[in-house]
Structure formats: structure tokens, C-alpha cells
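# Remarks on the overall topology
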Protein chains: 4
Amino acid sequence: MMSDHTFDGSAFNVPDPAFATRVRDIFEGQALMRTLGATLLRVAPGDVEIGFEFNADFTQQNGFLHAGVTASLVDTACGMAATTLMPAGADVLSVEFKVNLLRPAAGARFIASGRVIKPGHTLMVTHGDLWAFPQATSTDSDRVHVATMQATMIRR
Amino acid sequence: MMSDHTFDGSAFNVPDPAFATRVRDIFEGQALMRTLGATLLRVAPGDVEIGFEFNADFTQQNGFLHAGVTASLVDTACGMAATTLMPAGADVLSVEFKVNLLRPAAGARFIASGRVIKPGHTLMVTHGDLWAFPQATSTDSDRVHVATMQATMIRR
Amino acid sequence: MMSDHTFDGSAFNVPDPAFATRVRDIFEGQALMRTLGATLLRVAPGDVEIGFEFNADFTQQNGFLHAGVTASLVDTACGMAATTLMPAGADVLSVEFKVNLLRPAAGARFIASGRVIKPGHTLMVTHGDLWAFPQATSTDSDRVHVATMQATMIRR
Amino acid sequence: MMSDHTFDGSAFNVPDPAFATRVRDIFEGQALMRTLGATLLRVAPGDVEIGFEFNADFTQQNGFLHAGVTASLVDTACGMAATTLMPAGADVLSVEFKVNLLRPAAGARFIASGRVIKPGHTLMVTHGDLWAFPQATSTDSDRVHVATMQATMIRR
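Residues numbered from 1 in each chain as written. Chains lettered and ligands numbered in written order. Predicted model: local features only at pLDDT ≥ 70, side-chain atom pairs only at ≥ 80, totals over all residues. Heavy atoms only, no water.

### Some words on the overall build of chain A
- Helices and strands together make up the secondary structure of chain A, namely three helices and six strands.
- Reading chain A from its N end, one meets helices and strands in the order α-α-β-β-α-β-β-β-β.
- For 156 residues, the compact-globule formula gives about 15 Å, and the C-alpha radius of gyration of chain A, at 15 Å, lands near that figure.
- Projected onto its principal axes, the C-alpha positions of chain A cover 45 × 40 × 30 Å. (Helix = DSSP H or I, 4+ residues; strand = E, 2+ residues; numbered from the N terminus. Rg over C-alpha atoms; globule rule 2.2 N^0.38 Å.)

### Notes on the interface of chain B and chain A
- Every contact between the two is made by 35 residues of chain B and, on the other side, 35 residues of chain A.
- Contact between chain B and chain A buries roughly 2,700 Å² in total, counting both sides, with carbon and sulfur atoms accounting for 55%.
- Considering only the surface of chain B that becomes buried against chain A, Q61(B), H66(B) and F97(B) emerge as the three largest contributors, covering 22% of it.
- In this structure, the connection of chain B to chain A is made through zero salt bridges.
- Looking at the side of chain B that touches chain A, the element that brings in the most residues is strand β3 (residues 92-101) of chain B, giving 10 residues. (Contact = heavy atoms within 4.5 Å. Buried area = accessible area lost by both parts, 1.4 Å probe. Salt bridge = Lys/Arg side-chain N within 4 Å of Asp/Glu carboxyl O.)

### Considerations on the relation of the copies chain B and chain A
- Screw-axis analysis of chain B against chain A gives a translation of 0.0 Å along the axis, an RMSD of 0.0 Å, and a rotation angle of 180 degrees. Such a combination of rotation and displacement between the chain copies is what one expects of a two-fold axis. Every residue of chain B has its C-alpha some distance from the rotation axis, and the shortest such distance is that of K98(B), at 2.0 Å.
- Counting the interface residues of chain B, we find that 100% of their copies in chain A are interface residues as well, pointing to one common contact surface. (Least-squares fit on C-alpha atoms with pLDDT ≥ 70 in both.)

### Focus on the relation of the copies chain C and chain D
- Screw-axis analysis of chain C against chain D gives a translation of 0.0 Å along the axis, an RMSD of 0.0 Å, and a rotation angle of 180 degrees.
- An overlap of 100% is found between the interface residues of chain C and their copies at the interface of chain D, pointing to a shared contact surface.

### Considering the pairing of strand β5 (residues 123-133) of chain A
Residue and element names in this part refer to chain A.
- Extensive coverage of β5 is indicated by the burial of 11 of its 11 residues.
- What you see with β5 is no split at all: L123, V125, H127, D129, W131 and F133 on one side and M124, T126, G128, L130 and A132 on the other are buried throughout.
- By the bridge criterion, nine bridges tie strand β4 (residues 109-118) to β5 in an arrangement that is antiparallel. Note on β5: the bridge partner recorded for R109 is F133.
- Where β4 folds back on β5, the antiparallel hairpin that results is connected by four residues.
- For β5 and strand β6 (residues 144-155), the ladder comprises 10 bridges, and the chain directions are antiparallel. Within the sheet, the bridge partner assigned to A132 lies in β6 and is V144. (Buried < 20%, exposed > 50% of the residue type's maximum accessible area, 1.4 Å probe, protein only. Pairing = 2+ DSSP bridges.)

### Digging into the sheet that holds strand β3 (residues 92-101) of chain A
- Ordered in space as β1(A)-β2(A)-β4(A)-β5(A)-β6(A)-β3(A)-β3(B)-β6(B)-β5(B)-β4(B)-β2(B)-β1(B), the 12 strands form an open sheet in which the pairing is antiparallel. Unpaired on one side and paired on the other, β1 (39-44) of chain A together with β1 (39-44) of chain B mark the two borders of the sheet. Taking the axes of each pair of neighbouring strands and ignoring which way they run, one obtains an average angle of 20 degrees across the sheet.
- Here helix α1 (residues 19-28) of chain B sits on the sheet and contacts β1 and β2 (47-53) of chain B; the angle it forms with β1(B), its principal contact strand, is near 155 degrees. (Axes fitted to C-alpha atoms, helices over the stretch in contact; angles between N-to-C directions.)

### Regarding the interface of chain C and chain D
- With 35 residues of chain C at the contact, the number on the chain D side is 35 residues.
- Here chain C and chain D share an interface that buries about 2,600 Å² over both sides, 55% of which is from carbon and sulfur atoms.
- Of all residues in chain C, Q61(C), H66(C) and F97(C) bury the most surface against chain D, accounting for 22% of the area lost on that side.
- Here chain C is connected to chain D by 24 residue pairs in polar contact (both at pLDDT 80 or more).
- Broken down by secondary-structure element, the contributors of at least two residues to the side of chain C that touches chain D are α2 (31-36), α3 (67-84) and β3 (92-101) of chain C.
- Its residues assigned to classes, the side of chain C that touches chain D comprises 16 nonpolar, 13 polar and six charged.
- As judged from the five bridges shared by β3(C) and strand β3 (residues 92-101) of chain D, these two strands associate in the antiparallel manner. Residue pairing for β3(D): F97(C) is matched across the bridge by V99(D). (Polar contact = N/O pair within 3.5 Å; in protein donor to acceptor, adjacent residues only side chain to side chain. Nonpolar A, V, L, I, M, F, W, Y, C, P; charged D, E, K, R; others polar.)

### Notes on helix α1 (residues 19-28) of chain A
Residue and element names in this part refer to chain A.
- Where α1 is concerned, the buried positions are F19, R22, V23, I26 and F27. On an axial view of α1, the arc spanned by its buried residues comes to 135 degrees, and they lie on one face.
- Buried residues along α1 sit against α2 (31-36), β1, β2 (47-53) and α3 (67-84). (Arc of directions from axis to C-beta.)

### Points about the sheet that holds strand β4 (residues 109-118) of chain D
- With respect to topology, 12 strands assemble into an open sheet ordered β1(C)-β2(C)-β4(C)-β5(C)-β6(C)-β3(C)-β3(D)-β6(D)-β5(D)-β4(D)-β2(D)-β1(D), the strand pairing being antiparallel. A single partner strand is all that each edge strand has here, and the edge strands are β1 (39-44) of chain C together with β1 (39-44) of chain D. Within this sheet the neighbouring strands show an average axis-to-axis angle of 20 degrees, counted without direction.
- Sheet strands in contact with α3(C) are β1, β2 (47-53), β3, β4 (109-118), β5 (123-133) and β6 (144-155) of chain C together with β3 of chain D, and its direction is about 45 degrees off that of β4(C).
- Strands in contact with helix α1 (residues 19-28) of chain D are β1 and β2 (47-53) of chain D; relative to β1(D), the strand with the most contacts, it is inclined by about 155 degrees.

### Overview of the state of the cysteines
- In this structure the tally under the stated criterion is zero disulfides over all chains.
- For the unlinked cysteine C78(C), the closest cysteine sulfur is that of C78(B), found at 19 Å.
- Of the residues examined, C78(C) reaches a relative accessible area of 0% and is grouped as buried. (Disulfide = S-S within 2.5 Å.)

### Focus: empty space enclosed by the protein
- Applying the stated criterion across every chain, the model contains five cavities of 30 Å³ or more.
- Roughly 70 Å³ of volume is contained in the largest cavity.
- Looking at the largest cavity, the residues that line it are L32(A), L36(A), F58(A), V69(A), S72(A), L32(B), L36(B), F58(B), G68(B), V69(B) and S72(B).
- The biggest single contributor to the lining of the largest cavity is helix α3 (residues 67-84) of chain B, with three residues.
- Of the residues that constitute the lining of the largest cavity, the class distribution is eight nonpolar, three polar and no charged. (1 Å grid on protein atoms, 1.4 Å probe; cavity = no way out; pocket = protein on both sides within 12 Å on 5 of 7 lines; lining within 4 Å. Points joined across faces, edges and corners; volume = space filled by probe spheres on them.)

### Looking at the packing of helix α1 (residues 19-28) of chain C against α3(C)
All names here are of chain C.
- Where α1 contacts α3, the axes come no closer than 9 Å and their chain directions differ by 145 degrees. Between α1 and α3 the crossing geometry is right-handed. Within the contact between the two elements, α1 uses F19, R22, V23, I26 and F27 and α3 uses T76, M80, T83 and T84.
- Per-class residue counts for the contact of α1 with α3 are five nonpolar, three polar and one charged. (Left-handed = near helix turned anticlockwise from the far one by under 90°.)

Structure (C-alpha cells):
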């Protein structure tokens with residue numbers, strides 16, 4: 001069966017060759033990302049990853065990452081993924097997102113991924129996930145699927 | 001036409017008479033709420049409001065409140081609303097939520113409201129909203145509807 | 001506390017004075033609504049209701065209305081509500097919707113309601129509900145809240 | 001990068017060895033599926049596909065498949081996928097679903113797929129998609145991604 005979510009990066013139209021610089025500038029312009037200490041790990045066409053180290057300042061009552069922080073990281077990854085496919089000077093805003101919280105967000109570090117499922121001139125539909133790494137040294141084979149998101153972004 | 005979202009608080013079964021204390025304890029146990037400086041404004045059966053003062057540390061690239069912070073506040077209001085209807089000792093976790101971002105989250109202060117739409121033994125369906133107050137002195141007649149949420153909570 | 005979902009119909013800008021005729025034409029152009037035997041009960045600015053009589057052809061394995069039929073009725077009510085606020089000649093498509101199924105969809109008849117929460121030139125955010133009436137003669141005081149929806153519509 | 005949605009079917013715990021028969025019985029018990037003329041194409045652990053031939057009785061005003069029919073097919077695929085992982089005698093109900101409509105649902109035939117993303121004793125989180133095949137003879141390489149869904153199912 002073909003996977004419905006893999007894609008060939010080259011299949012996307014990338015109107016701004018300087019997309020990576022633009023995405024990094026916008027990401028750095030998000031005070032929340034600085035406050036969280038989040039970092040951009042990957043900026044490819046329609047495909048962005050954000051890293052986050054566990055920090056007890058952002059937890060809920062059981063010591064897990066708060067669902068709103070999960071949403072913050074994955075929404076940002078989705079928004080940045082949509083931004084990679086926008087023309088120079090364009091920015092995006094979130095129209096809506098829906099997140100399913102699959103497991104408690106426990107771990108030493110996390111990766112939020114966002115990918116464009118359907119590009120468009122005005123709207124972009126994206127898919128995102130949060131992955132937990134139990135230890136700082138855990139590898140992809142140890143990662144745990146914490147949350148999954150569908151989000152719509154609009155060009156601004 | 002009857003409104004579909006009003007409710008008579010007395011219609012809810014409130015198994016824990018000390019629900020307000022329990023909710024306040026859980027809220028205070030959320031490090032994220034402390035980090036945000038959010039406060040509990042109202043704790044009634046199935047109906048909770050949270051206050052938040054604008055803080056530039058939690059913004060996105062245009063200086064508006066980040067959509068993930070909007071989600072954090074409204075999800076917490078929804079979770080606390082569900083908690084009011086739980087028995088003593090019970091806690092809730094978010095199963096999923098969906099937020100529509102209606103307008104840029106600009107304002108001097110914000111109120112996140114959460115209400116139980118459908119109580120249940122295991123699952124509770126809630127509705128939440130974020131309201132912006134343009135000035136610190138703005139009243140309810142000036143408030144702006146920034147976001148609306150549907151969220152499912154599960155007893156833990 | 002002000003209700004967040006009531007609205008004064010006069011507050012909406014209604015650019016097409018013939019909106020009701022246009023909505024009825026579009027509704028009648030939906031073959032699915034004819035197949036379901038659904039009828040338009042109310043067409044007001046930003047506010048539409050659709051009636052549906054129980055029909056065993058559209059049930060799931062327990063004899064309840066199928067969740068997809070619930071979604072069909074409420075999504076259509078939301079789309080028609082958005083259409084009331086569009087200019088002459090304009091049509092809408094659903095961008096996304098999320099439905100929470102609150103109770104089994106059992107009843108003799110049903111009313112799907114859709115209302116515009118946030119109008120806009122391109123996008124409209126709507127809220128919808130499905131109400132079940134246990135008997136054909138049941139009144140609003142007997143109705144049961146079966147499902148609640150948030151939906152985004154786009155002008156076409 | 002690892003795909004977040006592929007899975008090894010053997011990784012699922014399948015408590016009922018007769019799951020395929022049980023799923024087929026439940027599917028055939030859904031009057032809506034008979035009314036739509038939908039058929040089960042694939043029943044594997046946590047992975048179900050449903051086929052649907054275009055039928056003008058189920059369209060919206062532009063002649064595309066109605067978004068509610070899209071939701072009906074994908075929700076059923078998700079529900080049946082969850083059912084494959086349930087013990088003998090168990091059934092599922094939809095708790096909630098969210099669908100993003102990516103393109104007009106135009107085609108000669110359609111396949112709705114549903115997969116379990118997170119199994120659980122009480123709740124199962126699923127992902128679904130609708131694929132359009134422009135011609136009856138179109139193959140997977142011609143298929144078009146029409147809609148994507150996240151859905152939560154509960155054991156009944």
C-alpha cells in the first residue's frame with residue numbers, strides 16, 4: 001500500500017529559493033519559541049522539525065508536558081512547514097488545528113514535526129506530530145508518538 | 001430558539017462538594033499556568049474562567065499571543081471545567097482538542113472560558129473560548145472573540 | 001456572563017438581500033439532501049436549521065443514525081448559514097469540520113442547526129449542532145443534544 | 001526520516017482471531033453502507049479500506065461527493081480499523097472526528113482508508129483518508145488525495 005503521507009520534497013513548488021532563511025527569521029521572531037528554548041532542527045520544503053528539551057516550567061499537574069505546549073510546538077512546526085512553500089515576503093497564520101494526545105508527554109527531549117499535506121495559494125493543510133525521546137541519548141528507534149495534529153494555515 | 005450552550009448549573013451532578021478547592025489545587029499544580037501568570041477567575045460546576053495578562057514572552061512573530069498559548073489557556077479552562085464534575089480524588093487529561101482561531105490574539109488581557117457540554121463517567125465533552133480585552137480597563141461589552149475550542153477530557 | 005454564542009442577527013452584514021432564495025436554490029441543488037429527505041426549516045442571516053425524519057436506510061450497526069449522516073446534516077446547516085452572508089452569486093465549500101458525538105443519534109426526527117461565529121470575506125467559522133426529538137410530537141423542551149460541530153467554510 | 005504513519009501490522013495485539021469476520025458482520029449491519037453501495041476492500045489488523053463507486057445521489061450542489069459522505073466513508077473505515085483490534089463481542093462508536101477536505105471529491109470511484117494510530121483498551125485513535133480515482137480504471141499512481149481525518153473511537 002502506498003503511504004498517504006510520504007512525499008517527494010521535489011514535488012513541491014518552492015517559489016522562494018531563500019525559504020530556509022525566511023523560516024529561520026520568522027521562527028526567531030516568535031518570542032514563545034525563545035521562551036520555550038525550542039530550536040529549528042530541520043527546514044526542508046514542506047517539512048520542518050523543531051527540538052525541545054524537557055523543562056519543568058511548562059508542565060501540567062502530573063509533571064508531563066502541558067497539552068498546550070505540545071500544541072505550541074507542533075502548530076509552530078506546521079506553520080513553518082507551510083511557510084517554506086510561500087513566496088518571498090509571505091507569512092502564515094494558523095486558521096485552526098486539532099490535536100489528539102496519544103500518550104503522556106514524558107521524556108528528556110521532544111521533536112515536533114510538521115509537513116504540508118496539501119499546498120495552496122491561500123490555504124495550506126498540514127500534518128504534525130510530537131515525538132518523545134525518553135533519554136537525552138535516545139535515538140529514533142526509541143521515540144514515542146505523543147501527539148498528532150491536523151492544522152490549516154492561511155497566507156498573510 | 002433555545003440556546004444550545006446555556007445551561008443551568010444546578011442541572012449538573014456535582015459528586016464532590018469540595019470541587020472548587022480540588023480544582024484550585026490542580027490548577028496551582030500546573031507549572032505552565034504559573035509560568036504564564038494565569039489565574040483562576042471563576043470555578044463553578046462545569047464552568048471555569050481563567051485570566052491572563054498580555055506578556056510579550058508568549059507571542060508569535062507579529063506580536064500576537066501565540067496560538068499555542070491560546071490553546072494552553074482554553075484547554076486548561078476546559079479541563080478544569082470537567083474536573084469540577086469529577087468525584088473526589090479524580091483528575092482529568094485532555095484526549096483531544098480542536099481550536100479555531102477567529103482573530104489575532106491582541107489585547108491587554110484575556111479570559112479563557114471552559115464549560116462542560118456533555119458530562120460523563122469516563123469522557124466529558126467541553127466547549128471553550130478565548131476573549132481579548134483591548135485595554136486593561138475594558139469591560140465585557142468591549143471583549144473580542146479570539147478563539148473557540150471543542151475538547152474531550154478523560155477521567156484519570 | 002454574556003453568552004458567547006448568541007448573536008443579534010442584525011449585527012451581520014448581509015450583502016445579498018435575496019439570500020434566502022439563493023440558499024434554498026443551493027440546498028435544493030444538493031442531491032444528498034433530497035436523498036436524505038432533509039428540509040430547510042429556517043434561513044436567517046448566519047442562522048440555518050435543517051429538519052430530518054428518522055430513516056433506517058441511514059443507520060449504523062446499532063440502529064442509530066450513522067455519524068456520517070449526523071455530519072452531513074450539520075455540515076450542510078453550517079454551509080448554508082455561511083452562504084446567507086455571502087454576496088449574490090457566491091457559494092461556499094467546507095474547508096474542515098470537527099464533530100463531537102455526544103449521545104447515540106436516536107429519535108423520530110432531528111434538527112441540525114448551523115450558525116456563523118465569525119464572518120469573513122474568504123473564510124467563515126461556523127458552529128453547528130444536531131438535536132434529536134424522541135417522538136415526532138416532541139417539542140424543544142424534550143430535545144436531546146446529539147452532536148456539536150466546529151466548521152470552516154470558504155467562499156467559492 | 002521515519003514515517004510516522006507506517007506500522008508493522010504484526011505489532012498490534014489482535015485479541016480476536018476472527019476479527020475479519022466480526023468486522024464484515026458489523027459493516028454489513030450498517031444500513032448506510034448498503035445504501036451507499038460501499039464495500040469492504042481490505043480488513044487487516046488496524047487497517048481497513050472501503051470502496052465506493054460515484055453515485056450522483058450523494059452529491060452537493062457542484063456535483064462533487066458531499067463532504068458528509070466523505071466523512072461517512074472515512075469514519076466507517078476508521079471505526080472498522082479500530083474494531084479489528086477489539087476483543088470478540090466488542091463494538092466501537094465514534095467519539096469525535098475531524099476532517100480536512102483537501103480537494104473536490106470528484107472521481108469515478110473512491111477508496112476510504114482507516115488505520116489505528118494508537119490502540120487502547122477503551123479509546124483508539126485512528127487516521128483516515130479518502131482517495132479519488134478519476135476513472136474506473138485508474139490505478140494507485142493516479143489517485144488523488146481528497147480528504148484526511150483524525151478520529152477517536154470508543155469501545156462499546
